[in-house]
Amino acid sequence: MPIDAARALAAEPRTSDISWDHKDIQLYHLGLGAGIPATDPDELRYTLESKLHVLPSFATVAGAGMAMLGGLGAPGIQVNLAAVLHGGHAVRLHRPIPVEGRATSSSKVAAVYDKGKAAVIVLRSEVADAEGPLWTSDAQIFVRGEGGFGGERGPSERLEEPAREPDRTVERTIREEQALLYRLSGDWNPLHADPDFAKTAGFDRPILHGLCSYGMTLKAVVDTLLGGDVSRVRAYSTRFAGIVFPGETLRMRMWQEPGRIQVTVTAADRDDAPVLADTLVEHA
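Residues numbered from 1 in each chain as written. Predicted model: local features only at pLDDT ≥ 70, side-chain atom pairs only at ≥ 80, totals over all residues. Heavy atoms only, no water.

K.L.:
Provide a residue-level description of the pattern of salt bridges, including the pertinent values.
P.N.:
It is possible for side chains bearing opposite charge to pair when their charged atoms get close. In this structure the tally under the stated criterion is 19 salt bridges. Here R164 ties to D167 by a salt bridge, and the two come within 3.0 Å at their closest N and O atoms. A relative accessible area of 37% places R164 in the partly exposed class. The residue E257 makes a salt bridge to R260 at a minimum N-O spacing of 3.1 Å. One salt-bridge network, in which partners are shared between bridges, spans E171, R251, R253 and D272. (Salt bridge = Lys/Arg side-chain N within 4 Å of Asp/Glu carboxyl O. Buried < 20%, exposed > 50% of the residue type's maximum accessible area, 1.4 Å probe, protein only.)

K.L.:
Hey, could you go over the packing of aromatic side chains for me, with residue numbers and the actual values?
P.N.:
By the definition in use, this model includes six aromatic pairs. Ring centres of W20 and F58 lie 6.2 Å apart, and the angle between their planes is 65°; this geometry places the pair in the edge-to-face category. With a gap of 38 residues between them, W20 in strand β1 (residues 14–20) and F58 in the loop between α3 (41–47) and β2 (84–93) connect regions that are remote in the sequence. The two residues W20 and F58 agree in class, both being buried. Each ring, one from Y28 and one from F58, has its centre 5.7 Å from the other, and the planes form 70°; the classification is edge-to-face. Highlighted residues: Y28 in helix α2 (residues 22–31) and F58 in the loop between α3 and β2, separated in sequence by 30 residues. Members of the aromatic cluster, joined through ring pairs, are W20, Y28, F58, W135 and Y182. The cationic tip of R205 hangs over the ring face of F245; the distance from NZ or CZ to the ring centre is 4.0 Å. Over the ring of Y46 we find K219; its NZ or CZ atom is 4.5 Å from the centre of that ring. (Phe/Tyr/Trp six-rings, centres within 6.5 Å; stacked < 30°, edge-to-face > 60°. Helix = DSSP H or I, 4+ residues; strand = E, 2+ residues; numbered from the N terminus. Lys NZ or Arg CZ within 6 Å of the ring centre and 35° of its normal.)

K.L.:
Talk me through the pairing of strand β3 (residues 101–114); I want residue IDs and the actual numbers.
P.N.:
As paired elements, β1 and β3 share seven bridges and run antiparallel to each other. Residue S16 lies in a different strand from β3, and its bridge partner there is S105. One ladder, built from ten bridges, connects β3 with strand β4 (residues 118–129); its direction is antiparallel. In the sheet register, T104 faces β4, and the bridge partner there is A128. The hairpin formed by β3 and β4 contains three residues between the paired strands, and G116 there has a positive phi angle of roughly 95°. (Pairing = 2+ DSSP bridges.)

K.L.:
A description of the sheet that holds strand β5 (residues 132–144) should follow, citing residues and the corresponding values.
P.N.:
An order of β1-β3-β4-β5-β2-β7-β10-β9-β8-β6 is seen for the ten strands of this open sheet, with the pairing classed as antiparallel. Single-partner strands in this sheet number two, and they are β1 and β6 (168–173). The sheet shows a mean angle of 20° between the axes of neighbouring strands, direction not considered. Of the pairings in the sheet, the one linking β6 to strand β8 (residues 249–257) comprises six bridges and is antiparallel in character. Residue pairing across strands places T173 opposite T249, the latter belonging to β8. Contacts between helix α6 (residues 210–225) and the sheet are confined to β2, β6, β7 (233–240), β8, β9 (260–267) and β10 (273–283), with β8 contributing the most and set at about 50° to the helix. (Axes fitted to C-alpha atoms, helices over the stretch in contact; angles between N-to-C directions. Contact = heavy atoms within 4.5 Å.)

K.L.:
Provide a residue-level description of α2, including the pertinent values.
P.N.:
Those residues of α2 lying buried are I25, Q26, Y28, H29 and G31. Against the buried residues of α2 lie β1, α3, α4 (178–182) and α6. G33 lies just past α2 and shows a positive phi near 100°.

K.L.:
I'd love a proper account of empty space enclosed by the protein, names of residues and values included.
P.N.:
Applying the stated criterion to the full structure yields one cavity of 30 Å³ or more. The space that makes up the largest cavity amounts to roughly 60 Å³. Around the largest cavity sit V54, L55, P56, L93, R95, P96, I97, V230, S231 and V233, which together line it. Residues of the lining of the largest cavity, tallied by class, amount to eight nonpolar, one polar and one charged. (1 Å grid on protein atoms, 1.4 Å probe; cavity = no way out; pocket = protein on both sides within 12 Å on 5 of 7 lines; lining within 4 Å. Points joined across faces, edges and corners; volume = space filled by probe spheres on them. Nonpolar A, V, L, I, M, F, W, Y, C, P; charged D, E, K, R; others polar.)

Okay, here's the thing in structure tokens:
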């Protein structure tokens, strides 16, 4: 059987050493569209090494980016990568991410859910440095055609959109070359760069990385509702609900409640087609 959930869950965690410095942080932020206007003091916090802070979503690319997908080769899991989709992502911060760091990442399969016609694999990475835990990252991987193995169905709750107008609505335009820049942080999937490859996948042109939309959204929330203070973010989660193309505009609707901000993200150019759903920022 392609998925042996018991074996996958029982496997020992895989550990690796990771490191990053200010150049990795700056490149990641630029890939999210930071630096416009280039001399804006608020943007210099993302681009200038002497003023730099770290957006918490950097955790998704720290130390070689998409290493989490190595979990798909864990004992008990043999899947066709062509059937794999990144269904959602969650990061929980234990303290602010330093501008330069060396840490150990411990990764394991935290859960395997049987959705009938598909399986959902939760790949968890725990990252810690010499001072203690830094973050926990959960990637929800949706594998088409691999359900029906008799496992637990798992959670399926959705965040209900508040029954009131958003507290803030902002738009962020994706630059034409943004996917080309973002992929330098570690996701080299040609789907985001090669028009011919994109067509074989069913798209008329390359699409933006889901995790780029994820980072752009967190930056917008921090800048709009958290006073530009990245250290206030405690956790950030989303479900990838659709695609967006470079050159299009993301529309982000934000509802603020005590200790949390709920967000929906749509493609403004395509009748508000869903991009990110069930999106929540927990903050101090």
